[in-house]
Amino acid sequence: MTDAPKHPESLSRRDMIAATAAALVTPLLQGGAVSLQPVAGVPGKFLTAAEYALLDELTELIIPADDHSPGARAAAVAAYIDGRLAESLEPDWQAKWRSGLQAVDGLSRELNAKPFLEATPDQRVAVLTRMAAGEADPKTAPERFFGELKGWTARGYYTSKIGIHLDQEYKGNVYQRGEFAGYDAK
Amino acid sequence: MTLVKVAPPIEQDVDLTQTYDAVIVGSGAAGGMAAHVLTSRGMKVLMLEAGKKLDINQELRSMQWPYDHPRRGDAPPGSHHLSFNEYTIRKPPYAKGAAFKHVYSYVGGWGGSDYVKNILVDEKDHPYTGSNYAWVRARCLGGKTNIWGRLALRLSDYDFKAKTHDGYGEDWPIAYADLEPYYDKVDLYLGISGVKENLPHLPDSQFQRPSKLNWGEVKLRESLKKAGQVLTPYRAGVTTDGLKHNKYRSKCYGRGACDRRPGGCDIHAVFDSPTGLIYPAMDTGHLTVRPNSTAHEVLVDKNTGRARGVAFLDSVTRKSYEAKGKVVILAASTLESARLLLLSRSPQHPNGLGNSSGHVGHNFCEHVMGPGVTGLIKELVGKPHTLDDGRPGGFYIPRFRNLKDRQPGFIRGYGYEGNSGHSMFPAHVMDTPGFGGQFKRSVRDHSGAFISMGAFGEVLPRYESYVDLDPETKDAWGIPVLRFHYHFSDNERKMAEDMVATGREMLEAAGIEVVGTDDKVLTEGWSIHELGTARMGNDPKTSVLNQFQQSHDVRNLFVVDGSSHVSASCQNPTWTIMALAWRSCDHLADEFRKGNV
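No experiment lies behind these values; they were computed from the predicted model shown.

**Q** Describe in detail the overall build of chain A, supporting the description with residues and values.
**A** Within chain A, the regular secondary structure consists of 7 helices and 0 strands. Along chain A, helices and strands appear, N-terminal first, in the series α-α-α-α-α-α-α. Looking at chain A as a whole, 38% of its 186 residues are labelled buried.

Set out below in structure tokens:
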């Protein structure tokens, strides 16, 4: 493969993060649109305050903030899922989420002898680890809920401003003028 | 930047008292082309379209970010799209008894269902029965061209003379040389992007600027080249350099929206029938378009047996009307045109119009798809993300089977469509196990590092693959619906096995690790390339149309859509549909002038 082109690496990762982050996250945070604190005591449009806080924490555990980009909490993933649940016309789907969140608390009581949000960070991870253990072939109620939870968390996060621009550093959906990106076939 | 923003022509009053030179049923690729050619030859044309005329730019909103849409591109609650499981476990009509307000075909399940909810038909209003079939329909001005996949390929004599090559089926009544000048006309009038490869089995077009390949695609291309095989940039029915003669279409700016969504382009760099063909035809002053016109019968003169017009219902008011024409041209799609012929029974034509051969609805064929492979390009893992998807498509690997060789398991061939590189949504996220920081980093590091390709293979036409009218079930307008009798055969199944095995070999030979294979053959119909239900031929006993898509039985009746195709080839049909329609309508205009039609 000596004649394949070299991957362009002229623009450093740091340059790109700086450029995109400055453009996007600053107004987001300054505008107060996004809170980086866990939600507490506030009911969602569909979920109760307790359910909503639990979902918010679960999404952040699945896609946490790291030194590269903010996580699911900053991207308001719980609000997105709650909004979809609230307007859904499918009671079965709504019930699946309600019982799924209950199953998470149930598993936490079983493993940690307390509800999920009262458990320590390590204990919370242990609960999710157990739920994720059956990812390829889910059997228990919490295992089955994990796929649903992760799927919607991913969907909410990677379609958000933070997910697309800061985490994935997506370059497309722009008008290209002059030189087009890529390599000629010849 | 000069973006084209010319409003469509003003709607005209439709005069149904006059007799038009031609009445066209359907406004997609075939109907649009018929309107273009006939009006440019001075004929007065009325076009009937069953669906609405949409404010298409408002529907497509190509550049809208997911987060600027309330449901990130999804259709409103109450909408449901059919899944592979529903298509296979259940039987049509698939929407029967559904609790949902609207049910759409599987295309509604692609990212961005809100952008196609008014383009696709609601399956509840448009049932069909019989064998499993994923029938995708778009009823609106322009039909499926509003969201088509854009791969614009020519057929060759390996297709037109396939029987001569391998003994199966029938040859077409034309050769490549007959159609080549018309392919050229289509290329130049509508614009096509691609790279010349000098392949006898996939003739080159008159290309505008090609799309570029990304890193992984070049790697695969170079490897295939060493094995004497070809990977070429997607041959897209897209104007990349612009078209001076068309004020309704902009050139392509590589926004990539057409490949991210179920299709569509709100600056119309992608060909669609309204901006490419119909609006310019309206500007000649010779074309009248009537949307909301559900045709249900081609009317026949009792004395002569000739077509005299089309009976239709207003799709909204359901009032009955007749449109009178000296010539009737069906371009309603392969299956809808066959349905119309079968619905048009009269004492002179008891089996349906133009069906003395008994072949209307038969020899139904298409492309088999589903099998494919995904590879991981290790060199790209963890690398900075580049702009890879700003183009109308990825790549195409043309047919290589049964050209010089003879495969033991199957006849005919297939090609692969594929792409690589970074895209807006990291599709590998659900295949990335676990959660937390490591999961998040892995998703990020692997974005853009995959290459995938899926095959489209020729399905053999067989007389026993057919549609007829269901004796009981009717659509929302009270019109009898189609009943399917259509299944893949061993040839398709054997070919599908080869698609997976060969795809794997291709990636491995390029040093790309195969991380996923799909050997599942998707439901019949999935390719949206249905063809053959009113085939052309020289023998009126075994074919419906002559080489000019003119009915053997009724001289002033033409069927210019995919139903006329004699075999499916493995190359996507839209460009051939338009080249054939151009050729036939040129001929029709000549004969019309001489008084011979």
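**Q** Provide a residue-level description of the overall build of chain B, including the pertinent values.
**A** Check the secondary structure of chain B and you find 13 helices and 18 strands. Its C-alpha radius of gyration of 23 Å places chain B within 12% of the 25 Å reference for a compact globule of 597 residues. Along the longest, intermediate and shortest principal axes, the C-alpha atoms of chain B span 75 × 55 × 50 Å. The 597 residues of chain B split such that 60% are buried. Across chain B, every contact between residues at least 6 apart in sequence was considered, and the portion connecting residues at least 24 apart equals 73%.

**Q** Which residues make up the interface of chain A and chain B, and what are the values?
**A** The interface of chain A with chain B comprises 48 residues on the first partner and 50 residues on the second. Elements that contribute at least two residues to the side of chain A that touches chain B include exactly helix 1 (13–30), helix 2 (49–62), helix 3 (77–87), helix 5 (121–133), helix 6 (141–158) and helix 7 (161–167) of chain A. No other element matches the 4 residues that helix 6 of chain A contributes to the side of chain A that touches chain B. Of the residues assigned to the side of chain A that touches chain B, the class counts are 23 nonpolar, 11 polar and 14 charged.

**Q** Go over the confidence of the model for chain A with me, naming the residues and quoting the values.
**A** Put simply, chain A has an average pLDDT of 84, and 79% of its residues get 70 or more. The model gives residues 1–35 of chain A a pLDDT under 50, and that stretch makes 36 contacts with residues more than four places away or in other chains.

**Q** Residue-level account of helix 12 (residues 490–509) of chain B, with values.
**A** Residue and element names in this part refer to chain B. Taking 1.5 Å per residue as the helical rise, helix 12 with its 20 residues ought to reach 28 Å, and the 29 Å between its terminal C-alpha atoms agrees with that figure. Regarding helix 12, the residues found buried are Glu-492, Met-495, Ala-496, Met-499, Gly-503, Met-506 and Leu-507. Seen along its axis, helix 12 keeps its buried residues to an arc of 105°; they face one direction. Buried residues along helix 12 sit against helix 7 (215–226), strand 11 (367–376), strand 13 (414–420), strand 14 (450–458) and strand 17 (513–518). Of the residues flanking the end of helix 12, it is Gly-511, one or two places downstream, whose phi is positive at about 75°.

**Q** Lay out the environment of Leu188(B) in plain terms, naming residues and giving numbers.
**A** Residue and element names in this part refer to chain B. Structurally, Leu-188 can be placed in helix 6 (residues 176–190). Leu-188 gets classed as partly exposed once you count the C-beta atoms within 10 Å, which come to 14. In this structure the C-alpha to C-alpha distance between Leu-188 and Ala-75, which are 113 residues apart in sequence, comes to 37 Å.

**Q** I'd like a rundown of the domain arrangement of chain B, residues and numbers included.
**A** All names here are of chain B. Looking at chain B, the domain boundaries give domain 1 (16–53 + 147–174 + 273–364 + 530–597), domain 2 (56–139) and domain 3 (192–270 + 367–458 + 488–523). For domain 2 versus domain 3, the separation of C-alpha centres amounts to 25 Å. Taken together, the contact between domain 2 and domain 3 spans 17 residues of the former and 11 residues of the latter. Within the residue set of the side of domain 2 that touches domain 3, elements represented by two or more residues are helix 2 (56–60) and helix 3 (84–89). Sort the elements by how many residues they give to the side of domain 2 that touches domain 3 and helix 3 lands first, with 3 residues.

**Q** Give me the lowdown on the sheet that holds strand 15 (residues 466–474) of chain B, citing residues and values where you can.
**A** All names here are of chain B. Taken in spatial order, the 3 strands line up as 5-16-15 in an open sheet, and their pairing is mixed. At either margin of the open sheet sits one strand with a lone partner, and together these are strand 5 (129–130) and strand 15. Two strands pair when backbone bridges link them, and strand 15 and strand 16 (residues 480–485) are joined in this way by 5 bridges, in the antiparallel orientation. Across the sheet, Leu-469 pairs through a bridge with Leu-482, a residue of strand 16. Strands strand 15 and strand 16 of the sheet are contacted by helix 10 (residues 334–343), whose axis makes an angle of about 65° with strand 15.

**Q** Please give an account of the nonpolar core that cites residues and values.
**A** Among the nonpolar cores identified, the biggest contains 166 residues, and Ile24(B) and Ala34(B) are the most heavily contacted of them. For this core, the leading source of residues is helix 13 (residues 574–594) of chain B, giving 11 residues. The next biggest cluster of nonpolar side chains, apart from the first, holds 43 residues, and it includes Ala72(A), Trp97(A), Phe116(A) and Leu149(A).

**Q** Give a detailed account of the pairing of strand 16 of chain B, specifying residues and quantitative values.
**A** In terms of strand pairing, strand 5 of chain B meets strand 16 of chain B through 2 bridges, oriented parallel. For Gly130(B), the partnering residue across the bridge sits in strand 16 of chain B and is Phe484(B).

**Q** Quick one: what's the story with unusual backbone geometry, residue by residue and with numbers?
**A** Residue and element names in this part refer to chain B. Cis geometry is found at the peptide bond from Pro-92 to Pro-93, where omega equals 0°. Backbone geometry at His-268 places phi at a positive 60°, although glycine is not the residue there. The topology assignment puts His-268 in the loop between helix 8 (257–260) and helix 9 (273–283). In this structure, Arg-412 takes a positive phi of about 70° despite not being glycine.

**Q** Can you break down helix 3 of chain A residue by residue, with the values?
**A** Restricting attention to buried positions, one finds in helix 3 of chain A the residues Val77(A), Ala78(A), Tyr80(A), Ile81(A), Asp82(A), Arg84(A) and Leu85(A). Where helix 3 of chain A is buried, its residues meet helix 2, helix 4 (91–112) and helix 6 of chain A.

Definitions and limits used
Residues numbered from 1 in each chain as written. Chains lettered and ligands numbered in written order. Predicted model: local features only at pLDDT ≥ 70, side-chain atom pairs only at ≥ 80, totals over all residues. Helix = DSSP H or I, 4+ residues; strand = E, 2+ residues; numbered from the N terminus. Buried ≥ 20, exposed ≤ 12 C-beta atoms within 10 Å, placed from the backbone. Rg over C-alpha atoms; globule rule 2.2 N^0.38 Å. Contact = placed C-beta atoms within 7 Å. Nonpolar A, V, L, I, M, F, W, Y, C, P; charged D, E, K, R; others polar. pLDDT = per-residue confidence, 0-100. Expected span 1.5 Å × (residues − 1). Arc of directions from axis to C-beta. Domains from an automatic or database assignment. Pairing = 2+ DSSP bridges. Axes fitted to C-alpha atoms, helices over the stretch in contact; angles between N-to-C directions. Core = buried A, V, L, I, M, F, W, Y, C linked by C-beta atoms within 7 Å.

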